[in-house]
Amino acid sequence: MILIDGKKEAANLRLELKKEVLALKAKYNKVPGLTVILIGDLAPSQIYVRNKEKSAKEVGLKSEVIKYPSNVEEKTILNKIDELNKDDTVSGILVQLPLPKHIDKKKVIETIIPEKDVDGFHPVNVGNLSSGYESSVPCTPLGCYLLIKKMEPNLSGKKAVVVGRSNLNGKPMTQLLLKENCTVTITHSKTKDLKEECLKGDIVVAAVGIPELVKGDWIKKDAIVIDVGINKIDKGIVGDVAFDEVSKIAKAITPVPGGVGPMTIACLLKNTVECFKRSQR
Ligand code: NAD
């Protein structure tokens, strides 16, 4: 069994990006810029944003975090996004989710211009991805995709099963696998026999949010298993896959932590660099 080392792959990706940023600086005399808007003081959001800022600086991006209290007016956020949309030094804008209840997530996502939407959440980017055109791709599924491709460069004709249909993970994951000519099944909370569906997968991606949902006898021998879940339980942090059981069956599996998580932030940096490059064409 191969333990897919997301930490190592993310470090490799950051190193590649660092070199690319240096080359872009030499060519254009400026570097890609990432601006993160953080609203409120939720501890996990603060940690994510701090990690994003640290990683952005490490690869040489211009990085800025703009903080607002949780009672900030929606209008203030939308105006700030408008300002950043017009700012040439900003290549990518990210508004950290979740948002306070009084702020409309859809409005916020749609105010960021698609060209600077490093999260890949804007309907234009979602549409471009599903049409097979160039687009920003949500960071977590992009990270999963890069890990899968590392394990299996030719995915054509493989059977892939995605568990979970969120806009953040399951749906874009499905599109990325389709683009690689996989035969994709997308499953969700109303799927009749999840075990039976999972057993068909040469590749299984679990993005559900239920601790250790995917069991050892749900996985075909030699499958590649990608665990997106991050669940806090008494024994610590676990994924959506029962790691001890599944790792005995699968060809390769991502651990939690240390699998998909580190790739997510590295892919955010990648998306920022890609947005910058497209803006220079
Ligand atoms: P979500 O709640 O938006 O979506 C969960 C999906 O799972 C839904 O589509 C639902 O239909 C499906 N589902 C629920 N119960 C199910 C069941 N019993 N059987 C089959 N499907 C079921 O969640 P999300 O935002 O996609 O996140 C999923 C998990 O991934 C969470 O644990 C989250 O913390 C984690 N996550 C990790 C990263 C990372 O960087 N590793 C990033 C984002 C989210």
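Remember, it's a predicted structure, so these values are computed and weren't measured experimentally.

**Q** Go over the overall build of the protein, please, and point to the residues and values.
**A** Assigned secondary structure in the protein consists of ten helices and eleven strands. Taking 281 residues into account, the globule formula puts the C-alpha radius of gyration at 19 Å, and the protein, at 19 Å, falls close to it. Restricting to contacts in the protein with at least 6 residues of sequence separation, those with at least 24 account for 70%. Split by element, the accessible area of the protein, about 14,000 Å² in all, is 53% carbon and sulfur. Averaging the locations of the 44 positively and 35 negatively charged side chains of the protein gives two centres separated by 2 Å.

**Q** Residue-level account of the packing of aromatic side chains, with values.
**A** Going through the model one piece at a time under the given rule, you end up with one aromatic pair. Judged by centre distance (5.8 Å) and plane angle (80°), the ring pair of Tyr28 and Phe276 falls under edge-to-face. Taken together, the residues Tyr28 in helix H1 (residues 6-28) and Phe276 in helix H10 (residues 260-279) connect sequence positions 248 residues apart. Given a relative accessible area of 27%, Tyr28 falls into the partly exposed group. For Phe276, a relative accessible area of 3% corresponds to the buried category.

**Q** Lay out the pattern of salt bridges with the relevant residues and their values.
**A** Across all of its chains, the model carries 17 salt bridges by this definition. Across the pair Lys277 and Glu20 runs a salt bridge whose closest N-O atoms are separated by 2.4 Å. Remark: Glu20 occurs in helix H1 and Lys277 occurs in helix H10; sequence separation between them is 257 residues. The class of Lys277 is partly exposed, set by a relative accessible area of 26%. Accessibility expressed as a relative area gives 25% for Glu20, which makes it partly exposed.

**Q** Give a description of the environment of Lys248 that names residues and reports values.
**A** Locating Lys248 in the fold gives a position in the loop between helix H9 (243-246) and strand S11 (252-253). Placed 26 residues apart in sequence, Lys248 and Asp222 show a C-alpha to C-alpha distance of 9.8 Å. Here Asp244 takes part through its backbone oxygen, which lies 3.4 Å from a polar atom of the side chain of Lys248.

**Q** Give me the lowdown on the site of the ligand, citing residues and values where you can.
**A** The full set close to the ligand counts 21 residues, and Arg165, Ser166, Asn169, Val228 and Thr264 are the nearest of them. Contact distances for the ligand include 2.8 Å between an oxygen atom and a backbone N or O atom of Arg165. Here Ile230 contributes a backbone N or O atom positioned 3.1 Å from an oxygen atom of the ligand. Relative to its unbound accessible surface of 860 Å², the ligand loses 71% to contact with the protein. Taken together, the residues of the shell around the ligand break down into nine nonpolar, eleven polar and one charged.

**Q** Account for helix H2 (residues 43-58), with residues named and values stated.
**A** Taking 1.5 Å of rise per residue, the 16 residues of H2 would be expected to cover 22 Å, and the 23 Å separating its terminal C-alpha atoms lies within 8% of that figure. After H2 finishes, the residue Gly60 shows a positive phi value of roughly 95°.

**Q** Now, about the domain arrangement of the protein: what can you tell me, with residues and values included?
**A** Split by domain assignment, the protein resolves into domain 1 (29-114) and domain 2 (139-260). If you average the C-alpha positions of domain 1 and of domain 2, the two centres end up 29 Å apart.

**Q** Kindly report on unusual backbone geometry, identifying the contributing residues and their values.
**A** For the bond from Leu97 to Pro98, the omega torsion is 0°, close enough to zero to count as cis. For the bond running from Val256 to Pro257, omega is -5°, close enough to zero to count as cis. Turning to its location among the elements, Pro257 is positioned in the loop between S11 and H10. Even without being a glycine, Asn181 presents a positive backbone phi close to 65°. Located in the positive-phi region is Asp222, a residue other than glycine, with phi close to 75°. By the element assignment, Asp222 lies in the loop between strand S7 (203-206) and strand S8 (224-227). Residue classification places Asp222 among the partly exposed positions, given a relative accessible area of 45%.

**Q** Kindly report on the packing of H2 against H10, identifying the contributing residues and their values.
**A** Following both chains from N to C, one finds H2 and H10 inclined at 55°, their axes separated by 10 Å at the closest point. By the angle class used here, H2 and H10 are oblique. Seen from above, H2 lies across H10 with right-handed handedness. Contacts between H2 and H10 involve Tyr48, Asn51, Lys52, Ser55 and Ala56 on the former and, on the latter, Ile265, Leu268 and Leu269. Its residues assigned to classes, the contact of H2 with H10 comprises five nonpolar, two polar and one charged.

Thresholds applied
- Per chain, residues are indexed from 1 in the order of the written sequence.
- Restriction of local features to residues with pLDDT of at least 70 applies here, the model being predicted, together with a cutoff of 80 or more for giving and counting side-chain atom pairs; totals for whole chains, interfaces and linings are based on all residues.
- Side-chain numbers here rest on the full set of heavy atoms in the structure, without hydrogens or water.
- The secondary structure listing takes helices from DSSP runs of H or I that are at least 4 residues long and strands from runs of E that are at least 2 residues long, numbered from the N terminus.
- Each radius of gyration reported is based on C-alpha atoms, and the globular scaling rule is 2.2 Å times the count of residues to the power 0.38.
- Contacts were defined at the residue level, with two residues in contact if any of their heavy atoms lie within 4.5 Å.
- Only the protein chains shown count as cover for residues, and the accessible areas themselves come from Shrake-Rupley with a 1.4 Å probe.
- In this tally, Asp and Glu contribute negative charge and Lys and Arg positive charge; neither His nor the terminal groups of the chain are included.
- Charge positions come from single atoms, namely NZ of Lys, CZ of Arg, CG of Asp or CD of Glu.
- Pairing of aromatic side chains here covers Phe, Tyr and the six-membered ring of Trp, requires ring centres within 6.5 Å, and sorts the geometry by plane angle: under 30 degrees stacked, over 60 edge-to-face, intermediate tilted.
- Burial classification: accessible surface area is computed with a 1.4 Å probe over protein chains only, and a residue below 20% of its type maximum counts as buried, one above 50% as exposed, and the rest as partly exposed.
- Between Lys or Arg on one side and Asp or Glu on the other, a salt bridge is scored when a side-chain nitrogen of the former is within 4 Å of a carboxyl oxygen of the latter.
- Under this definition, polar contacts are N or O atom pairs within 3.5 Å; protein pairs additionally need one hydrogen-donor-capable and one acceptor-capable atom, and for neighbouring residues in sequence, both atoms have to be side-chain atoms.
- Any residue with a non-hydrogen atom lying within 4 Å of a molecule or strand is treated as near it.
- Basically, the charged four are Asp, Glu, Lys and Arg, the nonpolar ten are Ala, Val, Leu, Ile, Met, Phe, Trp, Tyr, Cys and Pro, and anything else, Gly included, counts as polar.
- One fewer than the residue count of a helix, multiplied by 1.5 Å, yields its expected span.
- Domain ranges listed in this record stem from an automatic or a database domain assignment.
- Between the N-to-C directions of two axes lies an angle of 0 to 180 degrees, each axis being a line fitted to C-alpha atoms and, for a helix, fitted only over the stretch in contact.
- Roughly parallel covers angles under 35 degrees, roughly antiparallel covers those over 145, roughly perpendicular covers 65 to 115, and oblique covers all other angles.
- Crossing handedness is read from the near helix: turned anticlockwise from the far helix by less than a right angle, it gives a left-handed crossing, and turned clockwise, a right-handed one.

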